[in-house]
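# Coordinate analysis (summary)
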Amino acid sequence: MPAVRLLPPDRFFDRAQWSAITTASRWRGAWLVAHAWIVSIAVVGLAAWTQNPAAWLLAVILVGGRQLGLAILMHDAAHGLLHPDRKTNNFLGQWLTGAAVGSDLIAYRTYHLQHHKFTQQPEDPDLSLSKPFPTTRASLWRKVLRDLTGQTFFKQRAAQFGFALVGLKAMLRGEKPEKGRAGTKAGTPFNKQSDDGMTSPTVDVAGAMTVTRAVGRFLTVQAVLLAASLALYGWTPYLLWLAGLATTFQLYLRIRNIAEHACTTTGSQDPFTHARTTHAGWLARATVAPYWVNYHAEHHLFMGVPCYRLPAVHAMLGAQGKHDAMTIAPNYRTVLRQVTANG
C-alpha cells in the first residue's frame, strides 16, 4: 500500500509556532534522561535502606515505569529529538537509555521509521502488535501473568543472547557484513511485544553482529549498576532494578503497546485514525505512560515534535476542533476494556 499521507503542518501551525514546537531543547531531553536515572536510583536505594518488603515491592512497581521511560526517551532519540546535536542525541539514545533495556538505537530507528511510513498497513512492522486485538480477557490475563512472573523477560533474553552468540562467533571468525548493509531487525526486542516482534530471527551477519553489540552495551550498563550497588549498599538495589526489568517493565510495555494502536483503524489513509491518545493521571504517568508517551496520536500526526511538547500540540489541535477526529481514551482502564471481550 502507499505510504501514510502526511499532514502539512501549515494547516495547523504558523511558521513561528512550528519552529518553536519542533526545535529540540539543548537541555530538556538530557534532563529527562537524568530524571529517569535519578528516580530509579532513588527508589531502589531507599527501598534497600528500609529493609521493608513492602518498600521493595513499591520500588519494583516504580522502577519499571522509569525503565519504560528510558525506552521512550530512546524512541525520541531515534527521531533525533533528544538533543539538537546529532552525536549527543545518539549517545544519549544508545548508551544512557537504549543500552539500559537492551535496545540498539540505530537498528530501532530504521525499523521504527518504517512503522511511521506504513502505520497500520500491511507493511507496518508493528502491525503484529495490534492485529491480535480485540482478544479475550483470559488471553490478556495469561500474558499479564507471563510478564509479572518473568517468563516474557527470560524468553526475550534467551532469544536475544542466542542471536548475540551467532554474531560473536562471526566476529571471532573475522566475518564482515556486506558493504552498505546494516541489521535492521536487531536490538529492538524491548520496544516490541509480540512473539514475532520480540524474537524476530536475525538472518544475516550484519543483524547478528548488531545484536552482539547491543547485548554488549546492555551487559556493560548492568555491570556498572551492579558494581555501584555492591559498593554502596550490597546486592539489594541492583536486584530490585533487575526485578523491575524482568516484571513490571514488561507489563507496562505491553499496556503501552496495546494502548497506542490496538483496535484503531487498519488500512486507513486518514492519519487521524492510526493511533490512540490516552489521558493519563499521576499513577499512569508513574508506570505505563512516562514522559508523555500517552500522546501517541499527536506523535503520529507530527513525528518531529519532542515528547515534552506533545501536550501543547494536543491542546492546539483541540482548540482547532480536531479532537473529534482523533481516537482519544479517558484512561488506560477504558482502553483495556475496549480491546478485550469476555471469554
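Above this note sits the structure.
Bear in mind that the values here come from a model prediction, so they are computed numbers and not experimental data.

Here the focus is a nonpolar patch on the surface. Where nonpolar side chains cluster on the molecular surface, the patch consists of Leu46, Trp49, Leu232 and Tyr233 and spans about 530 Å² of accessible area. Here Leu232 is to be found in helix H10 (residues 205-232). Since its relative accessible area comes to 74%, Leu232 is described here as exposed.

Bringing unusual backbone geometry into the picture now. Note the cis peptide between Phe133 and Pro134, where omega equals 5 degrees. The residue Pro134 is located in the loop between helix H6 (127-130) and strand E1 (135-136) in this model. The backbone of Gln51 shows a phi angle near 55 degrees, a positive value even though the residue is not glycine. Topologically, Gln51 is positioned in the loop between helix H2 (28-50) and helix H3 (53-78). The phi torsion at Tyr291 lies on the positive side, around 55 degrees, for a residue other than glycine. With respect to the helices and strands, the residue Tyr291 is situated in the loop between helix H13 (282-286) and helix H14 (296-301). When its relative accessible area of 8% is taken as the criterion, Tyr291 is described as buried.

Another point: H10. Every α-helical turn comprises 3.6 residues, leaving residues that sit three or four positions apart pointing alike. Under the 1.5 Å per step criterion, the end-to-end length of H10 is 41 Å for 28 residues, consistent within 8% with the ideal 40 Å. Residue Gly234 follows H10 closely and has a positive phi angle near 95 degrees.

Counting residues in each nonpolar core, the largest one holds 59 residues, and the members touching the most others are Trp37, Trp241 and Tyr332. Top element by residues in this core is H3. It accounts for 11 residues. Look past the residues within four positions of Trp241 in its chain and what remains in contact with it is Trp37, Ser40, Val44, Val63, Gln67, Leu70, Ala100, Gln222 and Leu225. Listed in part, the 14 residues of the second largest apolar core include Leu7, Ile21, Val313 and Leu317.

Here we come to the environment of Phe163. With respect to the helices and strands, the residue Phe163 is situated in helix H8 (residues 151-172). We classify Phe163 as partly exposed; its relative accessible area is 21%.

Further remarks concern the side chain of Ser40. Following the sequence through the fold, Ser40 ends up in helix H2. Among the polar contacts listed, one links the side chain of Ser40 to the backbone oxygen of Ala36, at a separation of 2.7 Å. If we ignore the near neighbours within four places in the chain, the residues touching Ser40 are Val63, Arg66 and Trp241.

Right, let's talk about the side chain of Gln222 for a bit. Its place among the elements puts Gln222 in helix H10. Residue class for Gln222 comes out buried when judged on its relative accessible area of 6%. The residues contacting Gln222, other than those within four sequence positions of it, are Ala100, Tyr238 and Trp241.

This part takes up the environment of Leu129. Mapped onto the elements, Leu129 comes out in helix H6. Here Leu129 falls in the buried class, since its relative accessible area comes to 11%. Expressed as a C-alpha distance, the spacing of Leu129 and Glu260, which sit 131 residues apart in the sequence, is 9.5 Å.

A few words on the packing of helix H7 (residues 137-148) against helix H12 (residues 248-261). Contact geometry for H7 and H12: axes closest at 7 Å, N-to-C directions at 145 degrees. For the pair H7 and H12, the crossing hand works out as right-handed. Judged by residue contacts, Leu140, Lys143, Val144, Asp147 and Leu148 of H7 engage Thr248, Gln250, Leu251, Arg254 and Ile258 from H12.

Quick notes on the rules
- Residues numbered from 1 in each chain as written.
- Predicted model: local features only at pLDDT ≥ 70, side-chain atom pairs only at ≥ 80, totals over all residues.
- Heavy atoms only, no water.
- Patch = residues over 30% accessible without salt bridge, like charges linked within 9 Å, V, L, I, M, F, W, Y side chains within 5 Å.
- Areas by Shrake-Rupley, 256 points an atom, 1.4 Å probe, with all protein chains shown as cover.
- Salt bridge = Lys/Arg side-chain N within 4 Å of Asp/Glu carboxyl O.
- Helix = DSSP H or I, 4+ residues; strand = E, 2+ residues; numbered from the N terminus.
- Buried < 20%, exposed > 50% of the residue type's maximum accessible area, 1.4 Å probe, protein only.
- Expected span 1.5 Å × (residues − 1).
- Core = buried A, V, L, I, M, F, W, Y, C linked by side-chain atoms within 4.5 Å.
- Contact = heavy atoms within 4.5 Å.
- Polar contact = N/O pair within 3.5 Å; in protein donor to acceptor, adjacent residues only side chain to side chain.
- Axes fitted to C-alpha atoms, helices over the stretch in contact; angles between N-to-C directions.
- Left-handed = near helix turned anticlockwise from the far one by under 90°.

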